[in-house]
Amino acid sequence: MAKNKTIRLKQIGSPIRRPESQRKILIGLGLNKMHKIVERQDTPEVRGAVAKVPHLVAIVED
């Protein structure tokens with residue numbers, strides 16, 4: 001059985017004074033507080049969401 005790949009995302013920017021669409025992307029990724037780290041499946045949808053807010057989210061390497 002193939003192992004599902006995951007990526008770890010860290011919120012590095014504040015959603016204050018950002019457009020509503022960017023705030024919704026953060027909420028969709030499960031991020032709502034600064035420096036919070038979440039683990040998500042590495043899918044094109046998640047990668048696309050991260051690409052829309054690269055100034056607010058970073059991919060964390062272990």
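Refer to the preceding data block for the structure.
Residues numbered from 1 in each chain as written. Predicted model: local features only at pLDDT ≥ 70, side-chain atom pairs only at ≥ 80, totals over all residues. Heavy atoms only, no water.

Colleague: Break down the overall build of the protein for me, citing the residues and quoting the values.
Modeller: Counting its secondary structure elements, the protein contains two helices and three strands. Tracing the protein from N to C terminus, the helices and strands come up as β-α-β-α-β. Here the C-alpha atoms of the protein give a radius of gyration of 12 Å, agreeing with the 11 Å that 2.2 N^0.38 yields for 62 residues. Taken along its principal axes, the extent of the C-alpha atoms in the protein is 45 × 20 × 15 Å. Burial analysis of the protein (62 residues in total) assigns 26% to the buried set. Within the protein, residue pairs in contact and separated by at least 24 positions form 69% of the contacts whose partners lie at least 6 positions apart. Accessible surface, the protein as shown: approximately 4,600 Å² in total, 53% of it carbon and sulfur. (Helix = DSSP H or I, 4+ residues; strand = E, 2+ residues; numbered from the N terminus. Rg over C-alpha atoms; globule rule 2.2 N^0.38 Å. Buried < 20%, exposed > 50% of the residue type's maximum accessible area, 1.4 Å probe, protein only. Contact = heavy atoms within 4.5 Å. Areas by Shrake-Rupley, 256 points an atom, 1.4 Å probe, with all protein chains shown as cover.)

Colleague: Give a detailed account of unusual backbone geometry, specifying residues and quantitative values.
Modeller: Positive phi, normally seen in glycine, also occurs at Arg17, with a value near 65°. With respect to the helices, strands and loops of the structure, Arg17 is situated in the loop between strand E1 (6-11) and helix H1 (20-29). For Arg17, a relative accessible area of 79% gives the class exposed. Phi at His35 takes a positive value of approximately 65°, unusual for a residue other than glycine. Within the element layout of this structure, His35 appears in the loop between H1 and strand E2 (37-41). Judged by its relative accessible area of 52%, His35 falls in the exposed class.

Colleague: So what about the pattern of salt bridges? Which residues, and what values?
Modeller: As enumerated under the stated definition, the model contains one salt bridge in all. In this structure, Arg47 engages Asp42 in a salt bridge whose closest nitrogen and oxygen atoms are separated by 2.7 Å. Residue classification places Arg47 among the partly exposed residues on the basis of a relative accessible area of 38%. (Salt bridge = Lys/Arg side-chain N within 4 Å of Asp/Glu carboxyl O.)

Colleague: Tell me what's going on with the pairing of E1, and back it up with residues and numbers.
Modeller: What you see with E1 is a clean split: Ile7, Leu9 and Gln11 sit on the buried side and Thr6, Arg8 and Lys10 on the side with no burial. Pairing between E1 and E2: five bridges, direction antiparallel. Bridge pairing in E2 links Lys10 to Ile37. (Pairing = 2+ DSSP bridges.)

Take it as geometry only, folks, not as evidence of what the structure does.
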